[in-house]
Amino acid sequence: MQVSSLNEVKIYSLSCGKSLPEWLSDRKKRALQKKDVDVRRRIELIQDFEMPTVCTTIKVSKDGQYILATGTYKPRVRCYDTYQLSLKFERCLDSEVVTFETLSDDYSKIVFLHNDRYIEFHSQSGFYYKTRIPKFGRDFSYHYPSCDLYFVGASSEVYRLNLEQGRYLNPLQTDAAENNVCDINSVHGLFATGTIEGRVECWDPRTRSRVGLLDGALSSVTADSEINSLPTISALKFNGALTMAVGTSTGQVLLYDLRSDKPLLVKDHQYGLPIKSLHFQDSLDLILSADSRIVKMWNKNSGKIFTSLEPEHDINDVCLYPGSGMLLTANETPKMGIYYIPVLGPAPRWCSFLDNLTEELEENPESTVYDDYKFVTKKDLENLGLTHLIGSPFLRAYMHGFFMDIRLYHKVKLMVNPFAYEEYRKDKIRQKIEETRAQRVQLKKLPKVNKELALKLIEEEEEKQKSTWKKKVKSLPNILTDDRFKVMFENPDFQVDEESEEFRLLNPLVSKISEKRKKKLRLLEQQELHEKEEEEEPEGKPSDAESSESSDDEKDWVEEVRKQRRLLHQEEKVKRQEQLREDRQTVLKPQFYEIKAGEEFRSFRDSATKQKLMNKTLEDRLKLEAKNGTLSISDTTVGSKQLTFTLKRILGEAAPCGLACARVPPFVGPACW
């Protein structure tokens, strides 16, 4: 509950605070009340006291039990039962409602004026009848003695619909081009209508003739008021038999005595906005006038302001609960405003607990901070040289200091310290530099070995800390701080070779990330070198974060693997070409070999042919032996093969096993093979 005070009049806002959605379960609502202080302290006087989008009009039934409100979207009317503090019913309509009126003491008879010229009647059970008027309507009033409805709108005629006969009567012809508002005096039945020309025409329903004419536009122009256009009548309200209040489109309120054509009092709202609602408060002789921005309460005899109320959103309609200090507002927001002003009267019977609540709040007053005033101590006054103002109207004593006008404080401070703006400007520039510096790459102490791996681990640790599911995941030890892996970052033998073929093929996409990490390492090194210089120089823009591709993309992975393979083949080809070039440039020198004793030198060709023969497969060697005549292959009767060969004795050579094999059984070779 929010409390505001103006002229020592406290206004309690009962509709402020967070609103909980309807689909939320009771269990979740209770959980929110335990966690959120604002939800716990809010007061939900009437359950679901809101509209889907905007509330346009709000009224209280004559018996005070029901509160009816219309709004959008979709167009609808909602009825709230104050005895149950909840919604009684809701009815959707075909078009938006301009205004409505309850003809009975409760909600059993309601008349709606729509913006498409239709007039809709509702009974207790729901929709009853619909009819249409010739021109677009703007307001209507009900004359109880004759059961006539008077409609005014975009026409010079005032249409009359008799509910007893169920037919239209002859309209009243006014001198105005259009009529905006109308009202009927409940004491003697005088009908008054406000015109677009700024006049008020008064008619006698018995004789259907005009009995008076008031020029509100001319009377609203005073020496202090600034009028840019012709004022039109936007609000009209009777009080008693002789008093009438008139509101204009330029923000003036005129108070008339019907016995005079001159206003008793002219009150200006100073906002230049049309007056939307007028109400009388008889117990304190107050008039409540509201435009789309503020609700002002002022004395009808002197015009002195009593208090004012300024909601956060624009006002569409205001309703004063009869016989109490409760004020209801229809705003340009889903929530409808509920305000309680104890000075205007007691709380209604259905929420009498508000009196006890406000008394408890008054017993524990909170410190008040004024926006238009500056609190200064005596020492501050000495520094500013304003001690001579103590006791004057410019300073108001409060606790251990004084309140002074904020404009006077700024002027004096500027005169005393003319360089205050330069200091303020330097402080702002310093704050901006610190903000941009915080966005840059932070300095990190990296190890001498495997710097890129350490930077990768640090980034992963930061991402885990920023993630929303960090509470659910069990915290794992960090490799950088683990003693078991500290050798990885100290011993150069554990340095990861990123140029190796295995690393490049197994980590095709890691290579891209490593390039970014290398760039980041270079930035870190540059920042370490020029840290002191950069503190004095203006900060630059932070480097743009490069867009990272998903490692799960199969096409990118395949392309990267192929690219790495091509690079590896090109590197091997270049190496071979360099090796050939080196071989050509080198001059071969003759080499001498010593033959062992007992051996005979034949030629280098025999050793070369022997080496080539050993490199060939068994099939090729068998074919070569058969061609030389040392081997013969024949088929047996059982389908197997028989192989026969002879050995040549060479000086200095012998079979490895020292045996000479003559015959080989099927599929079995000599033991020396």
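Remember, predicted model here, so these are calculated numbers, not experimental data.

For the sheet that holds strand β2 (residues 9–13), give the residues involved together with the corresponding values.
Ordered by their spatial adjacency, 5 strands build an open sheet running β1-β2-β29-β28-β27, and the pairing between neighbours is antiparallel. The two strands at the open ends of the sheet, each matched to only one other strand, are β1 (2–6) and β27 (315–320). Strand-to-strand, the axes of this sheet are offset by a mean angle of 25°, without reference to chain direction. Bridge count between β1 and β2: 5 bridges; the pairing is antiparallel. Opposite S5, over in β2, you have K10 as the bridge partner.

Please give an account of the environment of K62 that cites residues and values.
Here K62 is to be found in the loop between β3 (54–60) and β4 (66–72). What makes K62 partly exposed here is its relative accessible area of 43%. Distance in space between the C-alpha atoms of K62 and Y107 is 9.3 Å, their sequence separation being 45 residues. When near neighbours in sequence (up to four residues on either side) are disregarded, K62 contacts E101, T102, S104, D105 and Y144. Within polar-contact distance, the side chain of K62 engages the side chain of Y144 at 3.0 Å.

An account of the pattern of salt bridges is needed here, citing residue identities and associated values.
Scanning the model with the defined rule gives 11 salt bridges in all. The partner of R259 in a salt bridge is D257, with the nearest N and O atoms 2.9 Å apart. Residue class for R259 comes out exposed when judged on its relative accessible area of 65%. With a relative accessible area of 17%, D257 lands in the buried category.

Please give an account of the packing of aromatic side chains that cites residues and values.
For the structure shown, the criterion picks out 9 aromatic pairs. Measuring from centroid to centroid gives 5.6 Å for F375 and F403, while their planes differ by 70°, and the two rings are edge-to-face. Placement of the pair is F375 in strand β30 (residues 373–377) and F403 in strand β32 (residues 401–405), with a sequence separation of 28 residues. Pairwise contacts between aromatic rings join Y66, F89 and Y107 into one cluster.

Describe in detail the sheet that holds strand β14 (residues 167–173), supporting the description with residues and values.
Strands in a sheet are paired, the pairing made by backbone hydrogen bonds, and the direction either parallel or antiparallel. Strand order in the open sheet formed by 4 strands is β11-β12-β13-β14, and the pairing between neighbours is antiparallel. Looking along the sheet, the strands with just one partner apiece sit at the ends: β11 (137–143) and β14. Strand-to-strand twist in this sheet, taken as the mean axis angle between neighbours without regard to direction, amounts to 25°. Where strand β13 (residues 157–162) and β14 come together, 5 bridges link them in antiparallel fashion. Paired with R160 across the strands is L169, a residue of β14.

Give a description of the pairing of β32 that names residues and reports values.
Most of β32 is tucked away: 4 of the 5 residues are buried. Pairing of β30 with β32 involves 5 bridges; the strand directions are antiparallel. Bridge pairing in β32 places K374 opposite M404. Between the antiparallel neighbours strand β31 (residues 395–398) and β32 lie 2 residues, among them M399 with a positive phi of about 55°.

Which residues make up the side chain of N331, and what values go with them?
Inspection of the secondary structure puts N331 in strand β28 (residues 326–331). According to the relative accessible area criterion, N331 is buried, its value standing at 5%. Polar contacts involving the side chain of N331 include one to the side chain of T329, which spans 3.4 Å.

Rules used in this analysis
- Counting of residues starts from 1 at the beginning of each chain's written sequence and follows it residue by residue.
- At least 70 in pLDDT is required for a residue's local features to be given in this predicted model, at least 80 for side-chain atom pairs to be given and counted, and no such filter applies to totals for whole chains, interfaces and linings, which use all residues.
- Excluding hydrogens and water, the side-chain values take into account all heavy atoms of the structure.
- Only strands that DSSP links by at least two bridges are regarded as paired with each other.
- A run of H or I in DSSP becomes a helix once it reaches four residues, and a run of E becomes a strand once it reaches two; helices and strands are each numbered from the N terminus.
- Lines are fitted to the C-alpha atoms to define the axes, a helix being fitted only along its stretch in contact, and any angle between axes, read from their N-to-C directions, falls within 0 to 180 degrees.
- The cut-offs for exposure are 20% and 50% of the maximum accessible area for each residue type, with area from a 1.4 Å probe on protein chains only; residues under the lower value are buried, those over the upper are exposed, and the others partly exposed.
- We call two residues contacting when some pair of their heavy atoms lies within 4.5 Å.
- Distance and chemistry together define a polar contact, namely a pair of N or O atoms within 3.5 Å, with one atom able to donate a hydrogen and the other to accept it when in protein, and with adjacent residues in sequence counting only for side-chain atoms on both sides.
- Salt bridges are defined by distance alone: a side-chain nitrogen of Lys or Arg within 4 Å of a carboxyl oxygen of Asp or Glu.
- Planes of paired rings set the category: under 30 degrees apart is stacked, over 60 is edge-to-face and the rest tilted, where pairs are Phe, Tyr or Trp rings (Trp by its six-membered ring) whose centres lie within 6.5 Å.

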